[in-house]
Amino acid sequence: QKQVVNINQLCEEYTKLAFHSSSSKYPELECEVEYIFDERIPPMEAVPQELSKAIWNVLSNSFYAIKDRMKKDGSTFSPKVSVETRLEENNVKIIVKDNGSGISEEHKAQVFNPFFTTKPTGEGTGLGLSLSYDIIKAHSGEIRFHSESGKGSEFIIDLSRQDLV
């Protein structure tokens with residue numbers, strides 16, 4: 001059921017929760033988290049439990065990619081995740097950017113497929129980004145990404161402005 005939500009608050013809360021969960025799972029995880037919120041974004045109607053799950057899934061993958069790159073690059077690496085919101089003419093954007101391990105060219109086409117994962121057995125089910133894709137579509141939005149293997153990823157969630165209150 002849709003409710004009126006503050007996108008900036010939702011993003012901040014679930015970024016903190018996803019980081020806490022990831023750092024509990026991977027105690028070696030250290031990361032700068034940057035928030036860049038557009039304060040002009042009005043409240044919008046959404047299913048907060050669903051939308052927060054989509055955001056959580058994207059962030060959990062970012063923190064995993066950070067952890068993965070930390071393991072490879074060691075002390076020369078400065079891990080960072082940024083969460084940005086933007087109000088644009090036709091929509092609200094949520095942008096999650098990391099400088100983690102990135103996504104290889106061979107895996108890019110499969111990222112939103114159910115049960116696709118590059119994580120080792122026991123580390124992931126391959127459902128997170130697939131569910132996020134479905135949740136964002138159900139919110140009349142879209143999700144896409146840019147990534148470079150070894151350099152990081154940027155996930156962009158576009159939410160329809162029609163749901164702004």
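Data block above holds the structure.
Keep in mind it's a predicted model, so treat the numbers as computed, not measured. (Residues numbered from 1 in each chain as written. Predicted model: local features only at pLDDT ≥ 70, side-chain atom pairs only at ≥ 80, totals over all residues. Heavy atoms only, no water.)

Next up on the list: helix H2 (residues 48-73). The end-to-end C-alpha separation of H2 is 37 Å, in line with the 38 Å expected for 26 residues at 1.5 Å each. Directly after H2, the chain includes Gly74, whose backbone phi takes a positive value near 60 degrees. (Helix = DSSP H or I, 4+ residues; strand = E, 2+ residues; numbered from the N terminus. Expected span 1.5 Å × (residues − 1).)

The next thing to look at is unusual backbone geometry. Residues apart from glycine generally show negative phi values, whereas peptide bonds are mostly found in trans. A positive phi angle, near 60 degrees, is found at Ser140, a position not held by glycine. Structurally, Ser140 can be placed in the loop between helix H4 (128-138) and strand S6 (142-148). Of the residues examined, Ser140 reaches a relative accessible area of 42% and is grouped as partly exposed. (Buried < 20%, exposed > 50% of the residue type's maximum accessible area, 1.4 Å probe, protein only.)

Moving on, we get to the side chain of Ser147. Within the element layout of this structure, Ser147 appears in strand S6. For Ser147, the side chain forms a polar contact with the main-chain oxygen of Gly152, separated by 3.0 Å. Separated by 2.7 Å, the side chains of Ser147 and Ser153 make a polar contact. Look past the residues within four positions of Ser147 in its chain and what remains in contact with it is Gly102, Ile103, Lys108, Gly152 and Ser153. (Polar contact = N/O pair within 3.5 Å; in protein donor to acceptor, adjacent residues only side chain to side chain. Contact = heavy atoms within 4.5 Å.)

Moving on to the packing of aromatic side chains. Taken as a whole, this structure holds 7 aromatic pairs when the rule is applied. Measuring from ring centre to ring centre gives 6.4 Å for Phe112 and Phe155, while their planes differ by 90 degrees; the resulting arrangement is edge-to-face. With a gap of 43 residues between them, Phe112 in the loop between helix H3 (105-108) and H4 and Phe155 in strand S7 (residues 152-160) connect regions that are remote in the sequence. Between Phe145 and Phe155, the aromatic rings sit 5.2 Å apart at their centres with planes inclined by 25 degrees, giving stacked as the arrangement. Separated by 10 residues along the polypeptide, Phe145 in strand S6 and Phe155 in strand S7 bring together distant segments of the chain. Judged by relative accessible area, Phe145 falls into the buried class, the value being 16%. Its relative accessible area of 5% is what places Phe155 among the buried residues. A cation over a ring is seen here: Lys67 above Tyr26, with NZ or CZ 4.7 Å from the ring centre. (Phe/Tyr/Trp six-rings, centres within 6.5 Å; stacked < 30°, edge-to-face > 60°. Lys NZ or Arg CZ within 6 Å of the ring centre and 35° of its normal.)

In the contact formed by H2 and H4, the axes pass within 9 Å of each other and the chain directions differ by 145 degrees. In this structure, H2 crosses over H4, and the sense of that crossing is left-handed. Facing H2, whose interface residues are Glu50, Leu51, Lys53, Ala54, Asn57, Val58 and Asn61, H4 presents Gly128, Leu129, Leu131, Ser132, Ile135 and Ile136. Class assignment for the residues of the contact of H2 with H4 results in 7 nonpolar, 4 polar and 2 charged. (Axes fitted to C-alpha atoms, helices over the stretch in contact; angles between N-to-C directions. Left-handed = near helix turned anticlockwise from the far one by under 90°. Nonpolar A, V, L, I, M, F, W, Y, C, P; charged D, E, K, R; others polar.)

For Phe112, a relative accessible area of 18% corresponds to the buried category. Along the chain, Phe112 and Asp134 lie 22 residues apart, while their C-alpha atoms are 9.1 Å from each other. Ignoring sequence-local partners within four residues, the contact set of Phe112 consists of Leu129, Ser130, Tyr133, Ile143, Phe145 and Phe155.

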